[in-house]
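Tertiary structure, described
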Amino acid sequence: MMSHQSKFSKVPAHLAIIMDGNGRWAKARMLQRIIGHQRGVETVKRVVEECSNLGIRYLTLFAFSAENWFRPKTEVKALMLLLKHYIMAETNRMINDNIRFRVIGNRPELPPDVLHHLDEASRVTAGNSGMTLTLALSYGARQEIAAAARRIAVEIAGGRLSPDGVDEATFAGFLDTSDMPDPDFLIRTSGEMRISNFLLWQLAYTELYFTEKNWPDFDRDELHKALVHYQSRERRFGKTSDQVKGRG
Ligand code: FPP
């Protein structure tokens, strides 16, 4: 663990990942898509363990989008089953590794048995102080932003908030991610260069990284490669380079 830490002078406090390319990985091998998702779960385990070892504070994985419900029923069913098995098998490891687990997204749309296991994992890991692992499930950023706007409207209608009081910080407080810092770094696998309705508000200043590797092939070396890339990025938040370096 120490040797990993010394390899990186800085790691993102919050790493977000769009896990993509399970289907293409399987197709290239004449396998069923679900085999690709199964291999994808192995990558999830690997990445969670490594990020936790590296001292990343928040890891947020886009596991199932609000739009993914429109995939063939059999694939949706298989993904939900994989998710349930993952949680059942990994909760103890999360406890051992001091990982705090949570879910963002439209929870009521998830099957009740899956939700039960997700809630149980969140409950038993709530007091952990290590990495926060967040799964975005049935998640869509526009839906999240619209829901925040609705809740703000209710507060205003009830006289508990004034329209003038709705600034960026207030708004962020009504999002699913209210208690997390914005992602510093976003990785998307499989060569697609899109955000696909993931954390639209939160990604405003995030460094973006795209790799051609499909998610099942995203191994520890690929993660390290991405993190080395992150180290070399200068984050200016709209300022000049000299200002950031304290010369401005
Ligand atoms: C993208 O591949 C991946 C998904 C839609 C789901 C991601 C799910 C997993 C990695 C497994 C379940 C998750 C957990 C956390 C246990 P794709 O199907 O869009 O691939 P394609 O674009 O090549 O078709």
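Located above this text is the structure these notes cover.
What this report covers is the structure whose coordinates are included nearby. From a predicted model like this one, the values you see are computed outputs, not experimental measurements. (Residues numbered from 1 in each chain as written. Predicted model: local features only at pLDDT ≥ 70, side-chain atom pairs only at ≥ 80, totals over all residues. Heavy atoms only, no water.)

**Here's the deal with the overall build of the protein chain**
Of regular secondary structure, the protein chain possesses nine helices and six strands. In terms of overall size, the protein chain behaves like a compact globule, its C-alpha atoms giving a radius of gyration of 19 Å where 248 residues would be expected to give roughly 18 Å. In terms of principal-axis extent, the alpha carbons of the protein chain reach across some 55 × 50 × 35 Å. Residues counted as buried form 46% of the 248 residues belonging to the protein chain. For the protein chain, the share of sequence-separated contacts (at least 6 apart) that also reach a separation of at least 24 residues comes to 76%. About 13000 Å² of surface is accessible on the protein chain, with carbon and sulfur atoms providing 52% of the total. The centroid of the 34 positive side-chain charges in the protein chain is displaced by 3 Å from the centroid of its 30 negative side-chain charges. (Helix = DSSP H or I, 4+ residues; strand = E, 2+ residues; numbered from the N terminus. Rg over C-alpha atoms; globule rule 2.2 N^0.38 Å. Buried < 20%, exposed > 50% of the residue type's maximum accessible area, 1.4 Å probe, protein only. Contact = heavy atoms within 4.5 Å. Areas by Shrake-Rupley, 256 points an atom, 1.4 Å probe, with all protein chains shown as cover. Lys, Arg positive; Asp, Glu negative; His and termini not counted. Charge placed at Lys NZ, Arg CZ, Asp CG, Glu CD.)

**Some words on the environment of Trp69**
Tracing the sequence through the fold places Trp69 in the loop between β2 (58-65) and α4 (73-96). Between the alpha carbons of Trp69 and Leu110 there is a distance of 9.9 Å; along the sequence they are 41 residues apart. Here Trp69 is in contact with Phe64, Val76, Met80, Glu109, Leu110, Pro111 and Ser138, once residues within four sequence places are set aside. At a separation of 2.9 Å, a polar atom in the side chain of Trp69 contacts the side chain of Glu109. Side chain to side chain, Trp69 and Ser138 meet in a polar contact 2.8 Å long. (Polar contact = N/O pair within 3.5 Å; in protein donor to acceptor, adjacent residues only side chain to side chain.)

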